[in-house]
Amino acid sequence: MKIGTIGTGSIVSWVMTEALRTDGMEWGAVCSRREETGRALAERFGVAKVYTDLDAMLADGELDFIYVASPNSLHYAQTRRALLAGKNVICEKPFAPTRAQAEELAALAQDKGLFLFEGITTMYLPHLALIREKLAEIGPVRQAACTFCQYSSKYDALRAGETPNVFNPAFAGGALMDINLYNLYFAYGLFGVPEKLSYHAHRHANGIDTSGVLVLEYPDFVCQCTGAKDCQGDNGAVILGEKGRIRVDGPASMCSRVTVVTADGEQAFDLQNGEPAWYFEMQGIAERVAAGDYADCYRRLADTVEVAGLLERARQDAGIVFPGIG
């Protein structure tokens, strides 16, 4: 995998750091609107090529993967351009603002026989797989709650009258798309598609959500997903069953530690050994590419489409509108 990246934000540095630890991954190019920004990132990670024109990077025959890490509103169009150029793609979360766009990208990748992955840490974490295995031990689930509240470094600018991308409806920003999405993936990864959902958002004057509570209704229980960029929280998750409970330390993007409590006692698990969440994401993607496992890739894409649809429904429920998207 020789990867060209679109974007230079902080998440790019985290992903690039872990990719360099992963067999089979190599960074071949950086694309940024500003050459000085792209050059600074390239020099930091020893990347040879810097582009300011996306089409020029997509025409680079040495690159077989593109990592899309631009503002949310650009993910769909840039992923589509990369796929049409014959490149495999890792698209940073959120994958697309609507289910229809997610379906289109998934169909395009499959039609062209290309890999297409959403860059979502949660679904690659060993602890998520562990929790799935342990659910039976706590009996029928009766309640679940996830909390991921992280005061944004851009929130003060919003309060001062500026409109950073992450809080801009035109850039498909907001707490749901940026942070509560992880809670939704956690719940979906364990319990599947809810029967009903509702999103109760705290909204800024520009219409974007700075925090909110997403309620997922399943046949026998309700899962509460609290996500915020306007306050700091004690992040984690708890799943309560008739025979016990599962406690997860850390936000749903990381699931740092898992504790299972039943009548037989308490078991604590730390399968991830303190590794960054992006390490498992990069390892998981590289393993599937090395094995040529398109079937698993497309199965994961089906999950991505479902979650994109749930996010769209949640936005609509709260009346959050992205200009030009709906």
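The sections below set out a description of the structure shown in this document. What you are looking at is a predicted structure, and each value in this text was computed from that prediction instead of being measured.

## Details of the overall build of the protein chain
Reasoning step 1: Within the protein chain, the regular secondary structure consists of 10 helices and 14 strands.
Reasoning step 2: What you see for the protein chain is a C-alpha radius of gyration of 20 Å, in line with the 20 Å of a compact globule of 326 residues.
Reasoning step 3: For the protein chain, the spread of C-alpha atoms along the three principal axes comes to 60 × 45 × 35 Å.
Reasoning step 4: Among the 326 residues that make up the protein chain, the fraction classed as buried is 58%.

## Brief notes about the sheet that holds strand 9 (residues 209-217)
To summarise the sheet geometry, strands pair through backbone hydrogen bonds and adopt either a parallel or an antiparallel arrangement.
Reasoning step 1: Reading across from one edge, 8-9-10-7-11-12-13-14 is the order of the 8 strands in this open sheet, with mixed pairing throughout. In the strand order of this sheet, the two ends are held by strand 8 (196-203) and strand 14 (265-269), each with one partner. When strand polarity is set aside, the average angle formed by the axes of neighbouring strands in this sheet is 10 degrees.
Reasoning step 2: Examined bridge by bridge, strand 11 (residues 236-241) and strand 12 (residues 244-249) share 6 bridges and lie antiparallel to one another.

## Digging into the packing of aromatic side chains
The geometry of two aromatic rings is summed up by the distance between their centres and the angle between their planes.
Reasoning step 1: Under the defined criterion, the tally for this structure stands at 13 aromatic pairs.
Reasoning step 2: Ring geometry for Trp27 and Tyr67: centres 5.9 Å apart, planes at 65 degrees, overall edge-to-face. Taken as a pair, Trp27 in strand 2 (residues 26-31) and Tyr67 in strand 4 (residues 65-68) lie far apart in primary sequence, 40 residues in all.
Reasoning step 3: Residue classification places Trp27 among the buried residues on the basis of a relative accessible area of 7%.
Reasoning step 4: Each ring, one from Phe191 and one from Tyr218, has its centre 5.7 Å from the other, and the planes form 65 degrees; the classification is edge-to-face.

## Brief notes about empty space enclosed by the protein
Reasoning step 1: Enumeration according to the criterion identifies 1 cavity of 30 Å³ or more in this entry.
Reasoning step 2: Quantified by volume, the largest cavity comes out at close to 40 Å³.
Reasoning step 3: Along the walls of the largest cavity sit Pro94, Phe95, Ala96, Glu118, Tyr185, Thr304, Val307, Ala308 and Leu311, which together make up its complete lining.
Reasoning step 4: Per-element tally for the lining of the largest cavity: the top contributor is helix 10 (residues 294-318), with 4 residues.
Reasoning step 5: Here the residues of the lining of the largest cavity sort into 7 nonpolar, 1 polar and 1 charged.

## Comments concerning the state of the cysteines
Reasoning step 1: Tallied over the entire structure, the rule returns 0 disulfides.
Reasoning step 2: Between Cys91, a cysteine without a disulfide, and Cys297, which holds the nearest cysteine sulfur, the sulfur-to-sulfur distance is 12 Å.
Reasoning step 3: Residue classification places Cys91 among the buried residues on the basis of a relative accessible area of 0%.
Reasoning step 4: Distance from the sulfur of Cys231, which forms no disulfide, to the nearest cysteine sulfur (Cys149) is 4.6 Å.

## Looking at the sheet that holds strand 3 (residues 49-51)
Reasoning step 1: One open sheet holds the 6 strands; their spatial order is 3-2-1-4-5-6, and the pairing between them is parallel. Each of the sheet's edge strands pairs with one partner strand only, and the pair in question is strand 3 and strand 6 (116-119). For this sheet, the mean angle separating the axes of adjacent strands, direction not counted, is 25 degrees.
Reasoning step 2: Across the face of the sheet, helix 4 (residues 75-84) comes into contact with strand 1 (2-6), strand 4, strand 5 (88-92) and strand 6 while running at roughly 170 degrees to strand 5.

Parameters at a glance
- Residues numbered from 1 in each chain as written.
- Predicted model: local features only at pLDDT ≥ 70, side-chain atom pairs only at ≥ 80, totals over all residues.
- Heavy atoms only, no water.
- Helix = DSSP H or I, 4+ residues; strand = E, 2+ residues; numbered from the N terminus.
- Rg over C-alpha atoms; globule rule 2.2 N^0.38 Å.
- Buried < 20%, exposed > 50% of the residue type's maximum accessible area, 1.4 Å probe, protein only.
- Pairing = 2+ DSSP bridges.
- Axes fitted to C-alpha atoms, helices over the stretch in contact; angles between N-to-C directions.
- Phe/Tyr/Trp six-rings, centres within 6.5 Å; stacked < 30°, edge-to-face > 60°.
- 1 Å grid on protein atoms, 1.4 Å probe; cavity = no way out; pocket = protein on both sides within 12 Å on 5 of 7 lines; lining within 4 Å.
- Points joined across faces, edges and corners; volume = space filled by probe spheres on them.
- Nonpolar A, V, L, I, M, F, W, Y, C, P; charged D, E, K, R; others polar.
- Disulfide = S-S within 2.5 Å.
- Contact = heavy atoms within 4.5 Å.

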